[in-house]
Amino acid sequence: MDDNWKNEIPTPALVLDYNKMMENINTMAKFAKEHDINHRPHVKTHKCPIIAHLQLKAGCKGITVAKVGEAEVFAQSGIDDIFIANQVIVPNHIDRFAKLNKYIKIRCAVDSQKNILDLSKIAAQNNTTLKVFLDINLGLGRSGVEPGEPALEMARFIEKTPNIDLVGLMGYEGHLTPMMNLDQKEKMANECFKRIVDTRDLLNENGFNIKNITTSGSGTYRYAANYEGITEIRPGTYVFSDEHLDMVEKAFKIAVTILGTIQNQTGKKEFTTDAGAKAIATGDGKPEFKDFPKSKIRVMNEEHTQFKAIGLDKNLEIGQKIEFYPAHICTTINLHDHIHVIKDNEYVGRWEILARGKSY
Ligand SMILES: Cc1ncc(COP(=O)(O)O)c(C=O)c1O
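What counts as what
Residues numbered from 1 in each chain as written. Predicted model: local features only at pLDDT ≥ 70, side-chain atom pairs only at ≥ 80, totals over all residues. Heavy atoms only, no water. Near = heavy atom within 4 Å. Polar contact = N/O pair within 3.5 Å; in protein donor to acceptor, adjacent residues only side chain to side chain. Areas by Shrake-Rupley, 256 points an atom, 1.4 Å probe, with all protein chains shown as cover. Nonpolar A, V, L, I, M, F, W, Y, C, P; charged D, E, K, R; others polar. Helix = DSSP H or I, 4+ residues; strand = E, 2+ residues; numbered from the N terminus. Buried < 20%, exposed > 50% of the residue type's maximum accessible area, 1.4 Å probe, protein only. Pairing = 2+ DSSP bridges. Contact = heavy atoms within 4.5 Å. Axes fitted to C-alpha atoms, helices over the stretch in contact; angles between N-to-C directions. Lys, Arg positive; Asp, Glu negative; His and termini not counted. Salt bridge = Lys/Arg side-chain N within 4 Å of Asp/Glu carboxyl O. Phe/Tyr/Trp six-rings, centres within 6.5 Å; stacked < 30°, edge-to-face > 60°.

Asks: Just checking my understanding: could you explain the site of the ligand for this structure?
Replies: Taken together, 13 residues surround the ligand, and among them Lys44, Arg142, Ser218, Gly236 and Thr237 come closest. Serine 218 is positioned such that a nitrogen or oxygen atom in its side chain is 2.5 Å from an oxygen atom of the ligand. Threonine 237 is positioned with one of its side-chain polar atoms (N or O) 2.6 Å from an oxygen atom of the ligand. Taken by itself the ligand offers 390 Å² of open surface, and the protein chains cover 88% of this. Of the residues assigned to the shell around the ligand, the class counts are four nonpolar, six polar and three charged.

Dropping the structure here:
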């Protein structure tokens, strides 16, 4: 099959294999259905409303975002059930969150008294009541109150604060995602889930009525779904997969590549492409070559990647196309305005990455 579409796309560019993405979406949706668990995908991976709608159509119950700016984009696309799996701290952000709360079902996570008081004050100014999940630290250490008594104390604080309702517990055991030893990973994930489920029990023994527990991403969702008491999973990266996820979770196919053009030959089998660090995020590692994986990157600059091609039978020509697999797709997505969509090896259009840069 020829790849004529490669010459139609201005590079550097993101390219989506629609069929692979749909397979990923359907694999996760089927898994969630079979395990009778709520599936609320984290859309920070694609930042595209059209893809969120495809996920919802496949059976997801609402979406997860990291920021109010993202929530606004997805709400404007017609999505009316959004969880911000993060703290909303800045007063301007809280005000926008409170306004979204007037017309969609939206929740965020909390872990400090100061933030709870700020949310309460701005909710009252907006004449609304905000619903929150108490963030429990499951070992990642980035956020959350400690499980057990500290969580009970914070829950009691929320209970006595006006204009704020506690509706569930949130955890995220993202530190386990890269683990290669799957037996060890399952054991550690179950320890995390035990902490949050035990915390729910402690709260309920003390008069609360907590049913919702949301946890997990693409690296640990399968353990969460088998753990009694966890009611929701929030995988994000699975929709596209990437080099990192592919090392630990083979249920998903890498669906997005970065297309570049060879622009210089700098030596024997040595080349430079126009896809550099402004097109491929490098913070979590270097990309891989799709067609000749043994090739070695010499240097990545802003607009260029210099490499030695290994495993080629023919020389590469100036103007020829080359595809990379990103190490981390979520940060790479945020570098692009749109994604070019290929279905059955045909170019079918360009989707806008509407929540790109909406980190505020
Ligand atoms: C709080 C939270 N939940 C869920 C996810 C989804 O994880 P993944 O992208 O590994 O599927 C993330 C990822 O950053 C996250 O930060």
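Asks: Would you mind going over unusual backbone geometry with me for this structure?
Replies: The bulk of non-glycine residues show a negative phi, and the bulk of peptide bonds are trans. Of note, the amide linkage connecting threonine 11 to proline 12 takes the cis form, showing an omega dihedral of 0°. With respect to the secondary-structure elements, proline 12 resides in the loop between helix H1 (5-8) and strand E1 (13-17). The residue aspartate 36 is not glycine, and still its phi comes out positive at about 50°. As for its position among the elements, aspartate 36 is in the loop between helix H2 (18-34) and strand E2 (38-39). Residues other than glycine seldom take positive phi values, yet asparagine 127 does so here, at roughly 55°. Following the sequence through the fold, asparagine 127 ends up in the loop between helix H6 (113-125) and strand E6 (130-135). Overall, asparagine 127 belongs to the exposed group, its relative accessible area being 66%.

Asks: When you look at the sheet that holds strand E5 (residues 105-110) in this model, what are you seeing that I'm missing?
Replies: Each strand in a sheet pairs with another by means of backbone hydrogen bonds, the pair being arranged parallel or else antiparallel. Pairing within the open sheet is parallel, and its eight strands lie in the order E2-E9-E8-E7-E6-E5-E4-E3. A strand with exactly one partner marks an edge of an open sheet, and here the two such strands are E2 and strand E3 (63-65). Its contacts with the sheet place H6 against E5, E6 and strand E7 (164-170), and it is angled at close to 150° to E5.

Asks: Where do I start with the side chain of arginine 107 in this structure?
Replies: Mapped onto the fold, arginine 107 is located in strand E5. Buried within the structure, arginine 107 lacks any salt-bridge partner; aspartate 81 is the closest side chain of opposite charge, at an N-O distance of 5.8 Å.

Asks: What's the story with the pairing of strand E13 (residues 296-300) in this structure? I'm lost.
Replies: Looking along a regular strand, one sees the side chains alternate between the two faces of the sheet. Pairing geometry for E13 and strand E14 (residues 305-308), over four bridges, is antiparallel. Across the sheet, the residue bridging to valine 299 is glutamine 306, located in E14.

Asks: How should the packing of aromatic side chains be read in this particular structure?
Replies: A ring pair, where both rings are aromatic, is described by two values, the distance of the centres and the angle of the planes. Summed over the entire model, instances satisfying the criterion amount to 10 aromatic pairs. Ring geometry for phenylalanine 83 against phenylalanine 133: centres 4.9 Å apart, planes inclined by 50°, an arrangement best described as tilted. Taken together, the residues phenylalanine 83 in strand E4 (residues 81-84) and phenylalanine 133 in strand E6 connect sequence positions 50 residues apart. Given a relative accessible area of 2%, phenylalanine 83 falls into the buried group. Where tyrosine 221 meets phenylalanine 252, the ring centres are 6.0 Å apart and the plane angle is 55°; that geometry is what we call tilted. Taken together, the residues tyrosine 221 in helix H9 (residues 221-225) and phenylalanine 252 in the loop between helix H10 (243-248) and strand E10 (256-267) connect sequence positions 31 residues apart. For the pair tyrosine 221 and phenylalanine 252, one class covers both residues: buried. Among the aromatic residues, those joined into a ring-pair cluster are Phe271, Phe289, Phe292, Phe307 and Phe324.

Asks: What should I look at first to understand the pattern of salt bridges in this one?
Replies: Once their charged atoms are close, side chains differing in charge can pair, the charge on each being opposite to the other. Evaluation of the coordinates by the stated rule reveals 23 salt bridges. The salt bridge partner of lysine 253 is glutamate 23, with a shortest N-O separation of 2.6 Å. Of this pair, lysine 253 sits in the loop between H10 and E10 while glutamate 23 sits in helix H2; the two residues are 230 residues apart in sequence, bridging distant segments of the chain. Classification of lysine 253 as partly exposed rests on a relative accessible area of 37%. Since its relative accessible area comes to 39%, glutamate 23 is described here as partly exposed. Two residues, aspartate 246 and lysine 250, come together in a salt bridge whose shortest N-O distance is 3.4 Å. The exposure class assigned to lysine 250 is exposed, which follows from its relative accessible area of 62%. A cluster of three or more residues bridged by salt bridges with shared partners is formed by Asp3, Lys6, Lys290 and Glu323.

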